[in-house]
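Understanding the architecture of this molecule
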Amino acid sequence: MLRDKYNLISELYELKDDASNSGMKVCVRGWVRTNRNNGHIGFMAINDGTCFDNVQIVYDIDKNPEFKETSKILTGCAVEARGEFVITPEAKQPFEIAAAEINLIGDCDSDYPLQKKRHSLEFLREIPHLRPRTNTFNALFRVRSVLCGAIHEYFQQNGFLYITPPLITGNDAEGAGEVFTVTTREDGDYEKDFFGKHACLTVSGQLHVEPFALACDRVYTFGPTFRAENSNTTTHASEFWMVEPELAFADLEDDMKCMESMVKYCINAVLERCPSEMKFFNDMIDKEHTLIKRLREVASSEFKVMTYTEAVELLKNSGRKFQYPVEWGVDLKTEHERYICEEVVKGPVFLIDYPKDIKAFYMRLNDDGKTVAACDCLVPGVGELIGGSQREERYDVLTKRMEELKIPRESLQWYCDLRRFGSVKHAGFGLGLERFILYLTNIGNIRDAIPYARTPKNLMF
Ligand code: 4AD
Ligand code: MG
């Protein structure tokens, strides 16, 4: 559309099934993956990142001696190739370009780190500015992009309003105190600081978005969140993206229905729109090569529901030796979550009704007085994918809970006041985008699911 001077490799792949396209004049631009020749004929594989696959450019050195220079072009160089589109049903690749002309448009030094051999994900993590040029990250970031689009689509199609809460905030939504301070001062004197008070980066948009649900029925946020949690795991990042829908007139069951249908919608969208990328993750990243099959099954089956209490019983009777022992009342760790969804349920599961003492102050107290109407959606390979709850809509219950937890009222009186001004039951959840990517691709480490990972002691570029 915007490129009238050259063709995208993704477009060429759309032309390949119609034999009448053979002979078309085309021009592609991209980066050289490999370039080899036998002295007479050269083969250059280039990739422009618009699709997973490369295109092969064939150049005839015997016919055109200028191609002697072409044969010296190194991996990593940017080139422009013009020639004829040739459909090649018998060959390994479905088509190639018979080059009339190949121009070097961006030279590459010979110490380019991405030579042909396979690189480990750990090595690629050290070069986040170059890893988008590899197959793995080309596929990963395309899945990420398609997934983001599908998330917006799901909510827009279902009547949710997109709200963008602030990233700089005066309160720590979860009361956990794991925030990054935003300051322009060296001395920590926040009264004299930019905002005249302590400011931090948001850990969740939820508290800011609840007022919008209580005005517009269904809303969602989708943006970055920040947590100064010192967790060095494969599923924790210090900056990650979160989707947070909030539904008025909804209880926990409505909330779970929304989680389940959203997850299924996104799985189907990614499988449908990223077939070659997902095939790559299935064949090259997933050890069992059953990723696509598993996702298809998940998209067409009902998620199980289990109470926290039932899960604790299962864990205690499992005969497994966990690093962290389990008793009713403890917060479940990833090892427990994964045992439940991988070994017991063998698929996604909602754990509900957690003890109030391990959950946030705003979750609705159940009639037993001990548990809250909370829900975590656990998935194999990841553990917690979603955390959500019905919100406490009763002023007295909410403020009593805040007192118990010693959460200062001043900065959250506005939030409590929503319970005085037309309060209705409502519920919502938060889904971590990168954890969803881990689940969809099996890539294994959150540092590989985000363009530039921020984790403890790690801030490259
Ligand atoms: O369970 P969390 O902490 O819930 C909330 O923040 C609520 N305010 C959400 C809501 O009800 N609106 O976080 C929600 C999800 C988790 O289930 C997980 O997927 C992801 O956010 N998440 C992280 N992802 C990457 N790195 C971290 N450090 C994460 N912490 C949470
Ligand atoms: Mg949680």
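Residues numbered from 1 in each chain as written. Chains lettered and ligands numbered in written order. Predicted model: local features only at pLDDT ≥ 70, side-chain atom pairs only at ≥ 80, totals over all residues. Heavy atoms only, no water.

Turning next to the nonpolar core. With 63 residues, the main nonpolar core has F155, M278 and F281 as its most contacted residues. Per-element tally for this core: the top contributor is helix 6 (residues 252-273), with eleven residues. Of all hydrophobic cores here, the second largest spans 31 residues; its members include L12, Y13, M44 and I57. (Core = buried A, V, L, I, M, F, W, Y, C linked by side-chain atoms within 4.5 Å. Buried < 20%, exposed > 50% of the residue type's maximum accessible area, 1.4 Å probe, protein only. Helix = DSSP H or I, 4+ residues; strand = E, 2+ residues; numbered from the N terminus.)

Let us now look at the sheet that holds strand 15 (residues 383-390). Here we have eight strands laid out as an open sheet, ordered 6-10-11-16-15-14-13-12, and mixed in their pairing. Unpaired on one side and paired on the other, strand 6 (161-162) and strand 12 (304-307) mark the two borders of the sheet. Across six bridges, strand 14 (residues 371-379) lies against strand 15 in antiparallel orientation. Residue pairing for strand 15: A374 is matched across the bridge by S389. Packing of helix 5 (residues 206-216) onto the sheet brings it into contact with strand 6, strand 10 (218-226), strand 11 (239-248) and strand 16 (426-432), and relative to strand 11 it is tilted by some 30°. (Pairing = 2+ DSSP bridges. Contact = heavy atoms within 4.5 Å. Axes fitted to C-alpha atoms, helices over the stretch in contact; angles between N-to-C directions.)

As a further point, take the packing of helix 4 (residues 135-157) against helix 6. One can describe the packing of helix 4 onto helix 6 by two numbers: an axis separation of 9 Å at closest approach and a directional angle of 135°. Relative to helix 6, the element helix 4 is oriented oblique. Crossing geometry of helix 4 relative to helix 6 is assigned as right-handed. Taking contact as the criterion, the partners of V143, V146, L147, A150, I151, E153, Y154, F155 and Q157 in helix 4 are, on helix 6, C258, S261, M262, Y265, C266, A269, V270 and R273. (Parallel < 35°, antiparallel > 145°, perpendicular 65-115°, else oblique. Left-handed = near helix turned anticlockwise from the far one by under 90°.)

Moving on, we get to helix 13 (residues 433-441). With nine of nine residues buried, helix 13 lies mostly within the body of the structure. Every buried residue belonging to helix 13 is among L433, E434, R435, F436, I437, L438, Y439, L440 and T441, and all of these are buried. A positive backbone phi angle near 65° is found at N442, which sits one or two residues after helix 13.

Here we come to the pattern of salt bridges. Applying the stated criterion to the full structure yields 33 salt bridges. Here E434 and R144 are joined by a salt bridge, their closest N and O atoms 2.9 Å apart. With E434 in helix 13 and R144 in helix 4, this pair connects stretches of sequence that are 290 residues apart. For R144, a relative accessible area of 9% corresponds to the buried category. Here E210 and R391 are joined by a salt bridge, their closest N and O atoms 4.0 Å apart. Here E210, found in helix 5, pairs with R391, found in the loop between strand 15 and helix 11 (395-404); they are 181 residues apart in sequence, far enough to count as distant. Residue E210 shares its accessibility class with R391, and that shared class is buried. It is possible to trace a salt-bridge network through shared partners that takes in E210, E246, R391 and R419. (Salt bridge = Lys/Arg side-chain N within 4 Å of Asp/Glu carboxyl O.)

Attention now moves to the side chain of E80. Residue position: E80 is located in strand 4 (residues 78-87). Note on E80: relative accessible area 10%, which makes it buried. Looking at E80, its side chain comes within polar contact range of the side chain of R29, at 2.8 Å. Ignoring sequence-local partners within four residues, the contact set of E80 consists of C27, V28, R29, E101, I102, N103 and I105. (Polar contact = N/O pair within 3.5 Å; in protein donor to acceptor, adjacent residues only side chain to side chain.)

Let us now look at the sheet that holds strand 5 (residues 95-106). What the five strands build is a closed barrel, ordered 1-2-3-5-4; its pairing is mixed. Each strand of the sheet is rotated relative to its neighbour by a mean of 55°, with strand direction disregarded. Where strand 1 (residues 25-37) meets strand 2 (residues 41-47), six bridges bridge the pair, whose relative direction is antiparallel. The partner of N35 across the bridge, within strand 2, is M44.

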